[in-house]
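# Fold and contact review
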Amino acid sequence: MSLQGKHIVLGITGSIAAYKSAHLIRLLIKKGAEVQIVITPAGKEFITPVTLSALSDRPVISEFFTSGDGTWHSHVDLGLWADLMIIAPATAATIGKMANGIADNMLITSYLSMKAPVFVAPAMDLDMYRHISTQRNIEKLKNDGAWIIDATEGELASHLEGKGRMEEPENIVAILEQFFSTRNNLLNKKIMITAGPTYERIDPVRFIGNFSSGKMGFALAEECSSRGAEVFLITGPTVLSVSHPNITRVNVESAVEMHDAAFNIFPQVDAAIFSAAVADYRPEKMSEEKIKRSEKEKFSLTLTSNPDIAASLGKIKEPYQLTIGFALETNNEEFNAIKKMEEKNFDFIVLNSLNDQGAGFGHDTNKVTILSRDGKKQSFSLKSKSEVAKDIIDTIFETTEARNKKLEV
Ligand code: C5P
């Protein structure tokens, strides 16, 4: 892999880890990238612009104006020039300013004008990193679409061990290379994703629903669109929002509405991912008026079954269309998941078990096993849902690529 010809804006802030930036620049340039440094005033206390401009072979940008001749540095031009921006090291102060749009230096103004994806490698003392304010700002940045590169060392030993330390330059470069290599691998593909719960109305104020948050489906939508796909996200009620312009969001409430929307969209897509938690049953009749409390001890509702969206689309799917389902099982997990994959004619099924802490409904994390129709199985550790989305799409992409190659031979 390489970074040949990539324009990278490297933001450097006032952290002791700024010495690692020198090594990072050399690695980026070795991989073929052009690097433009933007440094904060505090950053210059830790590493000199002379060193940085010598390494990057470009003048370092640190002030709004060049002292002396008063030339203005255009952060807007920089935003257009860049293929990617990375802030490494990023201090708590810079992360806070980025999250809140406090544009009091060139680095933050460049960030605010940036048209390219932004990566952030935090570097600070562990207590500062752990502080609720820092965590809130990091979350905000993630929601704004930035990628956070946390130090990976120690992740297995303890959740926070090693965090706050800037990731090693070699690993940062590997992450950026991976990013560019997957970036457009779904270009010209259309993907439909169902997400969230369904609400089945009982009367005007009550419904039967479930605890699905929609987080997994939304993470998949962001991942697919960031790789160039056009995404149709059919979602039940959720508070989540989408950020990528390639996502067309279709809001539905009930299983029947989701079914109708999916049937309309499915014929034009290359793949469909069914991550919605669809209610199996709905009240046979919705009461037009609010049902009143009665003196009777018991109350019963008659339910009727909902359409199985995935299964019915599985029946009409064309050979070139891929379908991917989810299974949430509590017992005989793998056996039941494989059975479901066959019944619904999925090419892949993503199994998440309720037996795993932190996995499944409502959580920000998930732990999955991906099973494929060709009998392959891959298990992953507990990760954030956006990382799980990457794993899912990588696995599907790699397996289908390999399969297509076999067919070509
Ligand atoms: O049968 P079960 O609900 O466990 O199957 C789960 C898979 O089927 C998920 O991918 C889910 O989105 C999909 N499904 C569906 N329509 C339904 C029920 C489930 O698309 N009515």
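Residues numbered from 1 in each chain as written. Predicted model: local features only at pLDDT ≥ 70, side-chain atom pairs only at ≥ 80, totals over all residues. Heavy atoms only, no water.

## Points about the sheet that holds strand β9 (residues 230-235)
Remark on secondary structure: sheet strands pair via backbone hydrogen bonds, oriented parallel or antiparallel. Defined as follows: Here, a strand pair is defined by DSSP locating no fewer than two bridges between the strands. Per the convention used, a helix needs a DSSP run of H or I reaching at least four residues, while a strand needs a run of E reaching at least two, with both numbered from the N terminus. Only the contacting stretch of a helix is used when fitting its axis, a line to C-alpha atoms as for every element, and angles between N-to-C directions run 0 to 180 degrees. In what follows, residue pairs with any heavy atoms lying within 4.5 Å of each other are defined as contacts.
Across the sheet, which stays open at both edges, the 8 strands sit in the order β10-β9-β6-β11-β14-β15-β17-β18 with mixed pairing between neighbours. Each of the sheet's edge strands pairs with one partner strand only, and the pair in question is β10 (247-251) and β18 (377-379). Mean inter-strand twist for the sheet, computed between neighbouring axes without regard to direction, equals 15 degrees. Examined bridge by bridge, strand β6 (residues 190-195) and β9 share 6 bridges and lie parallel to one another. The residue bridging Lys190 from the neighbouring strand is Glu230, located in β9. Against the sheet, helix α10 (residues 255-265) contacts β6, β9 and β10, and its axis sits at roughly 165 degrees relative to β9.

## Here's the deal with the site of the ligand
Applied cut-off: We call a residue near a molecule or strand when any one of its heavy atoms sits within 4 Å of it. Distance and chemistry together define a polar contact, namely a pair of N or O atoms within 3.5 Å, with one atom able to donate a hydrogen and the other to accept it when in protein, and with adjacent residues in sequence counting only for side-chain atoms on both sides. Under this grouping Gly is polar, as are all residues other than the nonpolar Ala, Val, Leu, Ile, Met, Phe, Trp, Tyr, Cys and Pro and the charged Asp, Glu, Lys and Arg.
Around the ligand, the neighbouring residues are Phe274, Ala276, Val278, Pro307, Asp308, Ile309, Ala310, Gly325, Phe326, Lys340 and Lys344. A distance of 2.9 Å is found between a nitrogen atom of the ligand and a backbone nitrogen or oxygen belonging to Pro307. Within the backbone of Phe326, a nitrogen or oxygen atom sits 2.8 Å from an oxygen atom of the ligand. Elements represented by at least two residues in the shell around the ligand include exactly α11 (309-316) and β14 (322-329). For the shell around the ligand, the class distribution of residues is 7 nonpolar, 1 polar and 3 charged.

## Regarding the sheet that holds strand β2 (residues 34-39)
Within the open sheet, the 5 strands sit side by side as β2-β1-β3-β4-β5. Their pairing is parallel. Taken across any chain shown, the strands that pair with only one partner, and hence form the sheet edges, are β2 and β5 (147-148). As defined by bridge partners, strand β1 (residues 7-12) adjoins β2 across 6 bridges and the pair is classed as parallel. Within the sheet, the bridge partner assigned to Ile8 lies in β2 and is Val35. With respect to the sheet, helix α8 (residues 169-183) is in contact with β1, β3 (84-90), β4 (118-122) and β5, its orientation differing from that of β3 by roughly 160 degrees.

## Here's the deal with the confidence of the model for the protein
Parts of the model with low pLDDT should not have their predicted coordinates read in detail. Short version of the rule: Residue-level confidence of the predictor, termed pLDDT, takes values from 0 up to 100.
In the predicted model, the protein carries a mean pLDDT of 92, and the fraction of residues at 70 or more is 94%. Here residues 153-160 scores under 50 on pLDDT; set against residues more than four positions off or in separate chains, the count is 9 contacts.

## Considering the nonpolar core
Just so we agree on the cut-off: Grouping buried Ala, Val, Leu, Ile, Met, Phe, Trp, Tyr and Cys residues that are joined through side-chain atoms within 4.5 Å yields what is termed a nonpolar core. Between buried and exposed lies partly exposed: a residue is buried under 20% and exposed over 50% of the maximum accessible area for its type, with that area taken using a 1.4 Å probe on protein chains only.
Leu10, Leu28, Ile37, Ile86, Ile172 and Leu176 are the most contacted members of the largest nonpolar core, which totals 31 residues. Of all the secondary-structure elements, those providing two or more residues to this core are β1, α1 (19-30), β2, β3, β4 and α8. Ignoring any residue separated from it by four or fewer positions in sequence, one finds Ile86 in contact with Ile8, Val9, Leu10, Gly11, Phe119, Ile149, Ile172 and Leu176. Formed by 29 residues, the second largest nonpolar core is a distinct cluster that contains Ala229, Phe326, Phe380 and Ile393.

## Things to note about the environment of Arg183
Tracing the backbone shows Arg183 in helix α8. Sequence-wise, Arg183 and Ser226 are 43 residues apart; in three dimensions their C-alpha atoms are separated by 6.4 Å. Not counting residues within four places of it along the chain, the set of residues in contact with Arg183 comprises Pro117, Ser226, Arg227 and Gly228.

## Comments concerning the pattern of salt bridges
Inclusion rule: We count a salt bridge whenever a side-chain nitrogen from Lys or Arg sits within 4 Å of a carboxyl oxygen from Asp or Glu.
Under the defined criterion, the tally for this structure stands at 20 salt bridges. For Glu34, the salt bridge identified is with Arg58, shortest N-O distance 3.0 Å. Of this pair, Glu34 sits in strand β2 while Arg58 sits in the loop between α2 (49-56) and α3 (75-81), and the two are 24 residues apart along the sequence. Looking at Glu34, the relative accessible area reads 34%, which means it is partly exposed. The exposure class assigned to Arg58 is partly exposed, which follows from its relative accessible area of 25%. Salt-bridge contacts for Glu253 lead to Arg201; the nearest nitrogen and oxygen are separated by 2.6 Å. Here the residue Glu253 occupies a position in the loop between β10 and α10, and Arg201 occupies one in strand β7 (residues 200-203), the gap between them amounting to 52 residues. The exposure class assigned to Glu253 is partly exposed, which follows from its relative accessible area of 22%. Via salt bridges that share partners, Glu223, Arg227, Lys390 and Asp394 belong to a single interconnected network.

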